[in-house]
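Here is how the chains run, residue by residue.
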Amino acid sequence: MFRKAVVTGGAGFIGSYIVDRLADAGVEEIVVIDNLSSGSLGNIARHVGKPYLRFVKADLKRFGEWAEEFRGADVVFHFAANPEVRISATEPRIHFEENLVATFNVLEASRLGDVRLHVFASSSTVYGEAEKIPTPEDYHPLNPISVYGAVKLGGEALYTAYSNLYGFKTLIARYANIIGPRSTHGVIVDFVRKLMRNPRELEILGDGTQRKSYLYVEEAVDATLHALRYTAEQGRNVEVFNIGNEDWVTVVEIADIVVEEMGLRNVRYRFRPATPDGRGWPGDVKLMLLDISRLKSIGWRPRISSREAVRLTARSVIERFRASGSS
Ligand SMILES: NC(=O)c1ccc[n+]([C@@H]2O[C@H](COP(=O)([O-])OP(=O)(O)OC[C@H]3O[C@@H](n4cnc5c(N)ncnc54)[C@H](O)[C@@H]3O)[C@@H](O)[C@H]2O)c1
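For every chain, the first residue of its written sequence is number 1, and the numbers climb from 1 along that sequence. In view of the model being predicted, local features appear only for residues whose pLDDT reaches at least 70, and side-chain atom pairs are presented and counted only at 80 or more, with totals across whole chains, interfaces and linings using the full set of residues.

## Notes on unusual backbone geometry
Omega for the peptide link from Ile133 to Pro134 comes to -5°, which places this bond in the cis form. For Asp114, which is not glycine, the phi dihedral falls at a positive 60°. Strands are runs of DSSP state E lasting at least 2 residues, helices are runs of H or I lasting at least 4, and numbering of each runs from the N terminus. Mapped onto the elements, Asp114 comes out in the loop between α2 (92–113) and β5 (117–123). Put plainly, a residue is buried at 20 or more neighbouring C-beta atoms within 10 Å of its own, exposed at 12 or fewer, and partly exposed in between, counting only other residues' C-beta atoms, which are placed from the backbone. Among the residues examined, Asp114 registers 13 C-beta atoms within 10 Å and is labelled partly exposed. The phi angle at Arg182 is positive, at roughly 75°, despite the residue not being glycine. By the element assignment, Arg182 lies in the loop between β7 (177–179) and α4 (187–197).

Dropping the structure here:
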């Protein structure tokens, strides 16, 4: 494993599970850099105060003292971002700054700190509306339909250039929808929140036929570390891996699972398509299933299906909301 690792966005959903795994593997120094805009210290509560963890509250959009933390790191996991694809159409500047300017700053900190190994949290949205489903990594043209997807693609390009220029090794992880306990955004959280407010009716963004693939967060982290090992040991400067599941579910199926897990009956679904073709919001990709043959070829495969992952996540989100008495 590593001696020192930096995790940007390490107090967020996926990032905090990366921190868990690094700590469990005995990494001596884990630096979490996060501005706590959507993350929280609660996500890394079991590590706070431990000698191996250093938490630095900083905004990566502004280059600053936080960059010093990169010196001596064996690896940087860059997971900080604003992951809400929905705001892309109305507030594109947020994604440009949070997801591209910040990525540039992280790369500069990596260059100055001479960090050689990297993971960039990219996304299935770089493909846009692929005509080939499941979509493999070498699918072309990459054709994002949201600014979120565009800046993730921009981030991939920056990582590629830095890797080629400075000899970095980079794993570009193109994630499908990642779900699980601690998630604070996305369709399941949205449904649970709405149903807690009104258990008789559920507003569904889009026509409900959107069909996508979901991977349970602990599996996503496991796959990431597996692909990272491959990248470090046998990979080229840049290795791109799709990280997702082999099946997919529709939004209506997700609604049914959430309703069932909440113990509700006769809930009326009210569909709110944002576009004539039934998208949830402008820039919503209606069909997403990644081809994970490449990941399988290096020895990793998912064990929890999309449907099971949705159920497990719904259960934990419901429990969390009920325990905190809020939605
Ligand atoms: N969750 C998914 O389904 C999914 C899918 C594809 C890609 N991703 C990518 O994975 C990464 C993690 O996503 P997540 O779902 O865990 O989201 P998240 O919002 O839970 O985590 C992001 C973290 O980054 C922090 N952050 C945001 N802007 C920052 C800034 N300017 N400076 C410092 N910290 C900042 C937030 O406080 C948060 O802790 C993101 O890059 C996201 O785009 C997520």
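## Focus: the pairing of strand β11 (residues 238–243)
Of all six residues that make up β11, six are buried, and the element is covered over most of its length. The sheet contact formed by strand β6 (residues 169–175) and β11 spans six bridges and is parallel. Opposite Leu171, over in β11, you have Glu239 as the bridge partner. Between any two strands, pairing holds if DSSP finds at least two bridges.

## With respect to the sheet that holds strand β9 (residues 211–212)
The strand order β12-β9-β14 describes an open sheet built from three strands, whose pairing is mixed. For this open sheet the edge positions go to β12 (249–250) and β14 (287–288), each flanked by a neighbour on one side alone. When β9 meets β12, the two strands line up antiparallel, connected through two bridges. Paired with Lys212 across the strands is Val249, a residue of β12.

## With respect to helix α5 (residues 217–234)
What a helix should span is 1.5 Å times the count of its residues minus one. Under the 1.5 Å per step criterion, the end-to-end length of α5 is 25 Å for 18 residues, consistent within 8% with the ideal 26 Å. Residues Val217, Glu219, Ala220, Val221, Ala223, Thr224, Ala227, Leu228 and Thr231 constitute the buried set of α5.

## Concerning the environment of Gly180
Relative to the assigned elements, Gly180 resides in the loop between β7 and α4. Accessibility expressed as a C-beta count within 10 Å gives 23 for Gly180, which makes it buried. Measuring from C-alpha to C-alpha, the distance between Gly180 and Glu218 comes to 7.9 Å, with 38 residues separating the pair along the chain. By the convention adopted here, residues make contact when the C-beta atoms placed from their backbones lie within 7 Å. The contacts of Gly180, once residues within four sequence positions are left out, are Tyr216, Val217, Glu218 and Thr313.

## Details of the nonpolar core
Definition of nonpolar core: a set of buried Ala, Val, Leu, Ile, Met, Phe, Trp, Tyr and Cys residues joined via C-beta atoms within 7 Å. Ile14, Ala173, Ile188 and Ile254 are the most contacted members of the largest nonpolar core, which totals 84 residues. Each of two domains, domain 1 (4–178 + 215–243) and domain 2 (180–212 + 247–324), supplies a minimum of three residues to this core. Residue ranges for the domains trace back to a domain assignment, done automatically or taken from a database.

## Focus: the sheet that holds strand β2 (residues 29–34)
Spatially, seven strands are ordered β3-β2-β1-β4-β5-β6-β11 in an open sheet, and the strand pairing comes out parallel. The outermost strands of the open sheet, each flanked by one partner alone, are β3 (53–57) and β11. Adjacent strand axes in the sheet meet at a mean angle of 15°, parallel and antiparallel pairs treated alike. Where α2 meets the sheet, it contacts β1 (4–8), β4 (75–78) and β5, and its direction lies at approximately 175° from that of β4. In this analysis, axes come from line fits to C-alpha atoms, helices being fitted only over the stretch in contact, and the angle between any two N-to-C directions falls in the range 0 to 180 degrees.

## Section: helix α3 (residues 147–166)
In this model, α3 (20 residues) spans 28 Å end to end at C-alpha, consistent with the 28 Å of a helix rising 1.5 Å per residue. Residues of α3 that are buried: Val147, Tyr148, Gly149, Ala150, Val151, Lys152, Leu153, Gly155, Glu156, Tyr159, Tyr162 and Ser163. On the buried face of α3, the contacting elements are α2, β5, β6 and β11. Among the residues trailing α3, Gly167 stands out with phi positive, at a value near 75°.

## Focus: the site of the ligand
Surveying the vicinity of the ligand reveals 28 residues, the closest of which are Gly9, Gly12, Phe13, Gly39 and Ala81. Put simply, the parts of the chain that give the shell around the ligand at least two residues each are α1 (13–24), α2, β5 and β7. Residue contributions to the shell around the ligand peak at three residues, all from α1. Asp, Glu, Lys and Arg are counted as charged, while Ala, Val, Leu, Ile, Met, Phe, Trp, Tyr, Cys and Pro are counted as nonpolar; the rest, among them Gly, fall into the polar class. Classifying every residue of the shell around the ligand gives 13 nonpolar, 11 polar and four charged. Here is the check we use: build the C-beta atom from the backbone, and if it is within 6 Å of the molecule or strand, call the residue near.

## Side note on the domain arrangement of the chain
In terms of domains, the chain is made up of domain 1 (4–178 + 215–243) and domain 2 (180–212 + 247–324). For domain 1 and domain 2, the distance between their C-alpha centroids amounts to 24 Å. Each partner contributes residues to the interface: domain 1 has 36 residues there, and domain 2 has 27 residues. When residues of the side of domain 1 that touches domain 2 are traced back to their parent elements, those giving at least two are α1, β10 (214–216), α5 and β11. Broken down by element, the residue count for the side of domain 1 that touches domain 2 peaks at seven residues, all from α5. Residues that form the side of domain 1 that touches domain 2 fall into these classes: 17 nonpolar, 12 polar and seven charged.

## Considering the packing of α2 against α3
Contact geometry for α2 and α3: axes closest at 9 Å, N-to-C directions at 15°. It follows that α2 is roughly parallel to α3 by the angle criterion. At the point where α2 passes α3, the crossing takes the right-handed sense. Here α2 contributes Pro92, His95, Phe96, Asn99, Leu100, Thr103, Phe104, Leu107 and Arg111 to the contact with α3, which in turn contributes Val147, Tyr148, Val151, Lys152, Gly154, Gly155, Leu158, Tyr159, Tyr162 and Tyr166. Each residue belonging to the contact of α2 with α3 can be placed in one class, and the counts come to 12 nonpolar, five polar and two charged. Note on terminology: angles under 35 degrees are roughly parallel, angles over 145 are roughly antiparallel, angles of 65 to 115 are roughly perpendicular, and the others are oblique. The sense of a crossing depends on the near helix, which, turned anticlockwise from the far helix by less than a right angle, makes the crossing left-handed and, turned clockwise, makes it right-handed.

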